[in-house]
Amino acid sequence: MAGTGRKLLIGFFACLLGWAIWGRPAPEAVEARPAVASDPSPPAGVETSEYDELYAAFAADLEAFRRGEDARLDALQSNAARLARDHGRDDAPRVVDFYADLSARERRLGRAAYDDFVVIWERVADHAPADWERDRADYLRELEELAARVLPAADFVPAGRALALAARLEVEHLASMTAQDPERGELLASAERHLREALAVFQRAGQETPQLHPLWQQGKLELLRGADERARRRFEVCAELARRVRVDDYRERALVGLIGLARRRGDAHRLRELLDRLASFRRPEECWELTRAYALHLLHRDEAERAAEFLIRHRPADPGALDAWRHVLALVRLRLEDFEGARGLLERLRGRGRKAEDLLLLQATLDLELSDSAAVLDALDRPPSELPEMSERGRSRAAVLVGEAHLVEGRPRAALEALERARDIADGWEARLEEQLELETTSASIMGEWLGLHAVVLEARALIDLDRAFEAALVIETAHGARWRGDGARGERLEADDLRAWAAASEHGLVTWVLGADSGAVVHVSPTGEARGQAIARKRSELERGARRLRGALLSGQEARATRLGEELAAAVLPDALRERLLAAEASDGRLLCLAHGEVERLPLEALPLGDESSGSRLLDELAALAILPELPARRPGTAPSMGATWQLLGAPLDGAGRPRLPAAREELGVLADLLPGAALHAGPGFRRRAVLDALSSGDCLHLATHLERSEACDSPRYAPVGLELSGGDLLCAREVAELGCRAPLVVLAACETAEGRQLDARGLQGVARAFLASGTRNLLVTLWPIRDEVAREFTPLFHEALLEGLGPARAARRARRALAESGVPAAEWAAYRVIGRD
Amino acid sequence: MHDPKTRTLPPLDRATPGELSETLAHWDELATADLVRLAAHPRSARKLAGLRAVEGWMREREEGVERAAEEAFDPARCPSAEELYDFGRGPGFRHLDEEREELLARHLATCGACSELVGSLQSPPPLPVEAFAPSPEPSHLEPESEPARPLRSSSTWAPFLVAASLAGLLLVPFVLGPRKASLADLPAGAVFRGQSDFLGQGAGALHFPRGPLLALPSTDGPRAIPRFELSALPDAAEYRVEVHRHDGGAFDAGNRIQNLHASTADFAAPSPAAPLLEGGPLAPGHYSWRAFAEVDGLERELGSLDFEVVEQPELAARVAELSPSSSLSRRVEQILELHARGLLSDARRLARDLPESPEREAYLRPPAR
């Protein structure tokens, strides 16, 4: 007990001194003072760590030394060295060196200047909000005078504190201004200059912890400018520095800033990563921002029930956060169709200072759910001047609500107008972000997450209602990959003639889907350009469930159950026009281009049964040769290249000890080498990085028979952390493939789950297959789930034989699948293989 | 061998296990159309694939033997088939004395033909599918006895005789009826080109139950007790499993009927790397389960899987009769039967209670898909 008491005492004293001298953040004029890092009293009962004790001793010595006690220098240097050596605090010796170079008098003068700063800080912190506007200019002047006086001194560090506080006051002033305010430009420039000078002061003194505050302020300033990417970089630097110097308060602030940025660019994957980072040192019950962001994340993942449970378990203790909590809970209640619960929460929020935009949109969403579309239109279908000031996202959401209300009222033309407005806002937002950053390299999705595919579904349905199904297909395709096409047409819009050309390139035309949270739409475009569309009355979560159950039934050999599930899925997602066409077709090997978006991309379309008891049920694979694309890779399909070109056969990796990892892969490559006499073979010991890179850049067709492995070493902002295994345990990551420029006519990826990847709304699965497509590969043979080594050995020679007969990849894959199926191989094996591409 | 294409196929949905086994034993006598039906039917597809693998293996070995015989066999110099068999430690081998073993080892170092033959013994053949077939009645199980020993010959035509003895070994179950099952009979997993691990996007880290799950007799009627098996997530403090009952269709989310929690500390046995959560009893019907891991206070979804609790009263009664004191061979036979019928979750549950062995661990390895 005595030891614990001593530690607590030391901790208390050390925190008090350390906070005041070294790591004390600048005062908080508006926000609550940080609760943890700067709190001078350690929580009761919490034992201090070795680091805390050492840091406390260091801070006490530093304070005494600055006040003129030269005798403390040895202890100070010793503790600084230990902090650097044992705890990675390399800045500690630099801080000591700075003060050790000063005379005792210089140090005392510096300490006195710091006291002057603290006086101003305390006045700012305690200032009554009512007089704030009047007094802000006085504070700014005082801080600038202090900085000017101290900067020429030997201990110039307090000048940095004064400049940082001045910038803080300016940034907060800027946040309360409108974009049109005439003072804004000048204030932006002044705040930027103050922050830059403050950082320069701290850097010159070798002090890192005091940099946290201006770095965080710089992030906020860039956000106010709309420079999201620069803000992100500032917050990242701040978060990393805070982690290194162990100031969790600023780490939290920086991560909260990054979470806001991820949301602004519709980057759900990045958002989840940031939440995990924040949760690694903050519990949800002590950080409302974490609770809020996680609950919204669940809500957007169609997990309203879990979001509700989480919110109720983590009701914020801070009364200031309660209204925000009620707002999020109301959104969740709406999603759970608990309309009375949502209404009750909304009523409690009225007149309590919530943003008018939030309340307006919440009320309109509730009205729409209660089928009161007239109320929605009355509230939102007005000129901008009659609406409260709204964010861009708020305006787009309002337009979507108006569109949906018109659609409910049976006015598709008016709905279309509103929905086009919503899409234009999203397009403009995306274009502005694109000016700062290539969104293609990230997991961001403006259409999928920021606008939401629900808006695209509504627009497609409005067009279908107006008998303009072809335009609906165009809208769907544009939303699923408008800005990053692979043929240099970046930023160009897909035109009607482009889509007609794609439909005309396949005997059965093309079919495209859009799946929103609540419903979807599908359009078939025939080779002659006639389009017919229909709504899909299934939720995204239902289709995901159906696809999973079908896959499970296939893999566990429950073929009768698979047939039943397949029939349900086929009825839900395949347009009637297409079913009729396929069942009536004389030939069964016509190609059908499937622009598979959302959950359809994971669906084993090939194994879906069509027909009925009278006509007999046949699998989609028996009726057409499917080519799948997650988005149109170019404006026009182009001419199919010859598949009889030179082949490079690669695979059969060896482990670190030289043992073969896949016995059948070696045999498979041997069989293919006999089949393709001109092919180059790189198997076993020859399956090394150099050979693979050469093959990828050769322009030849490639056949890869290997493992697909998950590895954090392969992580990237866009692609799933997966790679193709090479001999010796080496991995070729998906992200590397994307950068290699593999413009092969055809790549066979005979490994497990090569079609899979990280699912991004409106952008599809981002894995090794997508990396090949992004790098310029025209066609791929991929797998939907893990494949047996020995079945791959059977399947791929059949595929190559069909290619040698002159069939394109889609037809060749179909023939190989049919051959296996007809010889009695279960669908679990043959339905895994699919062609992604355009022949 | 019978004349090919003369046997008729019984209705597969209604065939008894005995009829199915009989048909499978003579699969090469079926007409092509019947063979396709047999290969496509869930009750027989896997067994047929196994039988085909056996035949392929035997043909490959025979060809190897013939080739070796043609190319390099020297009757004057090579040891007898019996000796080679014993040296290769084929099933039922006899120990050779050390001196003889040394001599043979030196011979094998220079004789490719004999070396290949011995090597063929060290590479086990695919498991004969008929070994999966249960006895018609539990009372037919044979008492504990010495392992069956293959027929042997003193001919010096070693390669042919080794092949013949191997073939004989494989045919023992067909000719003599079921032999005593052992741990070595547990099926080894197939080789896959990767592992399903796209978390939250399918089965992911969820392994069992999946597919059909056998309902056992209980006072409340037939009930299955699921055991939820998943891969561990690093840093997880707690796991949660939701069980939903649904209508068996493609889209129904169903209702949550169980919500199970377990902390990482609960998984000290059998292994913290393989969390197992015991569920409550479930009546026949369709179910989904979702699993979550809590890391730093936030949940991460690990995936979702579906299963169906099915009634098979006869089989359930036999499984219910088993106890840890039942003989090993009986327990293994029961596992093999469950496995062959696609009741993988039940087979796995029984396999967990087997004595530790490499075969058991191989069988319990998480599936690739």
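About the cut-offs
Residues numbered from 1 in each chain as written. Chains lettered and ligands numbered in written order. Predicted model: local features only at pLDDT ≥ 70, side-chain atom pairs only at ≥ 80, totals over all residues. Heavy atoms only, no water. Helix = DSSP H or I, 4+ residues; strand = E, 2+ residues; numbered from the N terminus. Buried < 20%, exposed > 50% of the residue type's maximum accessible area, 1.4 Å probe, protein only. Contact = heavy atoms within 4.5 Å. Areas by Shrake-Rupley, 256 points an atom, 1.4 Å probe, with all protein chains shown as cover. Lys, Arg positive; Asp, Glu negative; His and termini not counted. Charge placed at Lys NZ, Arg CZ, Asp CG, Glu CD. Pairing = 2+ DSSP bridges. Right-handed = clockwise from strand over helix to strand, strands pointing away. Salt bridge = Lys/Arg side-chain N within 4 Å of Asp/Glu carboxyl O. Disulfide = S-S within 2.5 Å. Phe/Tyr/Trp six-rings, centres within 6.5 Å; stacked < 30°, edge-to-face > 60°. Lys NZ or Arg CZ within 6 Å of the ring centre and 35° of its normal. Expected span 1.5 Å × (residues − 1). Axes fitted to C-alpha atoms, helices over the stretch in contact; angles between N-to-C directions. Parallel < 35°, antiparallel > 145°, perpendicular 65-115°, else oblique. Left-handed = near helix turned anticlockwise from the far one by under 90°. Nonpolar A, V, L, I, M, F, W, Y, C, P; charged D, E, K, R; others polar. Arc of directions from axis to C-beta. Buried area = accessible area lost by both parts, 1.4 Å probe.

**Quick notes on the overall build of chain A**
- Of the regular secondary structure elements, chain A holds 34 helices and 18 strands.
- Its C-alpha atoms give chain A principal-axis dimensions of about 95 × 70 × 50 Å.
- Taking all 839 residues of chain A together, 60% fall into the buried category.
- Once local pairs closer than 6 in sequence are excluded, the contacts in chain A between residues at least 24 apart make up 70%.
- As presented, chain A carries roughly 32100 Å² of accessible surface, and 49% of it is formed by carbon and sulfur atoms.
- Put simply, chain A has 115 plus and 138 minus side-chain charges, and the middle of one group is 2 Å from the middle of the other.

**Some words on the overall build of chain B**
- A tally of regular secondary structure across chain B gives 11 helices and eight strands.
- Counting all 369 residues of chain B, 47% fall into the buried class.
- Put simply, of all contacts in chain B between residues at least 6 apart along the chain, 67% involve residues at least 24 apart.
- Carbon and sulfur atoms form 54% of the exposed surface of chain B, whose accessible area is close to 17700 Å².

**Quick look at the pairing of strand 8 (residues 647-651) of chain A**
All names here are of chain A.
- A large share of strand 8 lies buried, amounting to five of its five residues.
- Alternating residues of strand 8 divide into W647, L649 and G651 and Q648 and L650, and every residue in both groups is buried.
- By the bridge criterion, five bridges tie strand 8 to strand 10 (residues 701-705) in an arrangement that is parallel. Considered in strand 10, the bridge of L650 is made with L704.
- Relative to strand 9 (residues 680-683), strand 8 is paired through four bridges, and the arrangement is parallel. Considered in strand 9, the bridge of Q648 is made with A680.
- The β-α-β motif built from strand 8, the intervening helix 28 (residues 663-675) and the parallel element strand 9 has right-handed crossover chirality.

**Side note on the pattern of salt bridges**
- Within this structure, the stated rule accounts for 96 salt bridges over all chains.
- In this structure, E208(A) and R244(A) form a salt bridge, with 3.0 Å as the shortest nitrogen-oxygen distance. Residue E208(A) is located in the loop between helix 8 (184-204) and helix 9 (212-225), and its partner R244(A) is located in helix 10 (residues 228-244); the two are separated by 36 residues in the primary sequence.
- E208(A) gets classed as buried once you look at its relative accessible area, which sits at 13%.
- With a shortest N-O distance of 2.6 Å, E299(B) and R240(B) are connected by a salt bridge. Of the two residues, E299(B) is situated in strand 8 (residues 298-310) and R240(B) in strand 4 (residues 238-246); the sequence distance between them amounts to 59 residues.
- Connected via shared salt-bridge partners are E303(A), R306(A), E309(A), R240(B), E242(B), R256(B), R290(B), E299(B) and E301(B).

**Some points on the state of the cysteines**
Residue and element names in this part refer to chain A.
- A full pass over the atoms with the stated rule returns one disulfide over all chains.
- For C714, the disulfide goes to C733, at an S-S distance of 2.1 Å. Across the disulfide from C714 to C733, rotation about the S-S bond amounts to roughly -70 degrees, and the bridge is consequently left-handed. Remark: C733 occurs in strand 13 (residues 731-733) and C714 occurs in the loop between strand 11 (708-710) and strand 12 (722-725); sequence separation between them is 19 residues.
- By relative accessible area, C733 is classed as buried at 5%.
- Just so you know, C287 is unpaired, no disulfide at all, and the nearest cysteine sulfur is the one on C238, 15 Å from it.
- For C287, a relative accessible area of 2% puts it in the buried group.
- Free cysteine C752: the closest other cysteine sulfur is in C714, separated by 16 Å.

**As for the packing of aromatic side chains**
- The tally for this structure, following the rule as stated, stands at 11 aromatic pairs over all chains.
- Both rings, one in W429(A) and one in W450(A), keep their centres 5.5 Å apart while their planes meet at 15 degrees; by these two values the pair is stacked. In this pair, W429(A) sits in helix 20 (residues 412-436) while W450(A) sits in helix 21 (residues 446-465), placing the two residues 21 residues apart along the sequence.
- Relative accessible area serves as the criterion here: at 9%, W429(A) is assigned to the buried category.
- Among the residues examined, W450(A) registers a relative accessible area of 4% and is labelled buried.
- Taking the centre distance of 4.9 Å and the plane angle of 55 degrees together, the rings of F228(B) and W289(B) count as tilted. Here F228(B) is found in strand 3 (residues 227-230), whereas its partner W289(B) is found in strand 7 (residues 285-295), with 61 residues between them in sequence.
- Of the aromatic side chains, those joined through ring pairs into one cluster are F228(B), Y287(B), W289(B) and F307(B).
- Its guanidinium or amino end placed over the ring of Y114(A), R66(A) lies 5.9 Å from that ring's centre, counting from NZ or CZ.

**Topic: helix 32 (residues 789-804) of chain A**
Residue and element names in this part refer to chain A.
- Relative to the 22 Å expected for 16 residues at 1.5 Å per residue, helix 32 spans 23 Å between its end C-alpha atoms, a close match to the ideal helical length.
- Turning to helix 32, its buried residues are D789, V791, A792, F795, T796, P797, F799, H800, A802 and L803.
- One or two positions beyond helix 32, positive phi appears at G806, with a value near 105 degrees.

**Here we look at the packing of helix 8 of chain A against helix 9 of chain A**
Residue and element names in this part refer to chain A.
- At their nearest, the axes of helix 8 and helix 9 sit 10 Å apart, and the two run at 155 degrees to each other. When the axes of helix 8 and helix 9 are compared, the pair comes out roughly antiparallel. Handedness of the helix 8/helix 9 crossing: left-handed. Residues R184, L188, A191, E192, L195, R196, A198, L199 and F202 of helix 8 form the contact with helix 9, whose own contacting residues are P214, L215, Q217, Q218, L221, L224 and R225.
- Residue composition of the contact of helix 8 with helix 9, by class: 10 nonpolar, two polar and four charged.

**Points about helix 18 (residues 373-380) of chain A**
Residue and element names in this part refer to chain A.
- Of the residues making up helix 18, those classed as buried are S373, V376, L377 and L380. Take helix 18 and look down its axis: the buried residues cluster within an arc of 95 degrees, on one side only.
- Buried residues in helix 18 make contact with helix 17 (356-369) and helix 19 (392-408).

**A word on the interface of chain B and chain A**
- Each partner contributes residues to the interface: chain B has 44 residues there, and chain A has 67 residues.
- Note on chain B versus chain A: buried area summed over both sides is about 4400 Å², and carbon and sulfur give 47% of it.
- Counting every contact that joins chain B to chain A gives six salt bridges.
- Residue D306(B) pairs with R548(A) through a salt bridge whose shortest N-O separation is 3.1 Å.

**With respect to the sheet that holds strand 6 (residues 276-278) of chain B**
Residues and elements named next belong to chain B.
- In space, the three strands of this open sheet follow the order 1-3-6, with antiparallel pairing throughout. Of all strands in the sheet, those with a lone pairing partner are strand 1 (206-208) and strand 6, marking the two edges. Within this sheet the neighbouring strands show an average axis-to-axis angle of 30 degrees, counted without direction.
- Where helix 10 (residues 344-352) meets the sheet, it contacts strand 1, strand 3 and strand 6, and its direction lies at approximately 85 degrees from that of strand 3.

**A look at the sheet that holds strand 11 of chain A**
Residue and element names in this part refer to chain A.
- Pairing in this open sheet of three strands is antiparallel, and the strands run 11-12-13 from one edge to the other. Looking along the sheet, the strands with just one partner apiece sit at the ends: strand 11 and strand 13. The sheet shows a mean angle of 40 degrees between the axes of neighbouring strands, taken without regard to direction.
- As defined by bridge partners, strand 11 adjoins strand 12 across three bridges and the pair is classed as antiparallel.

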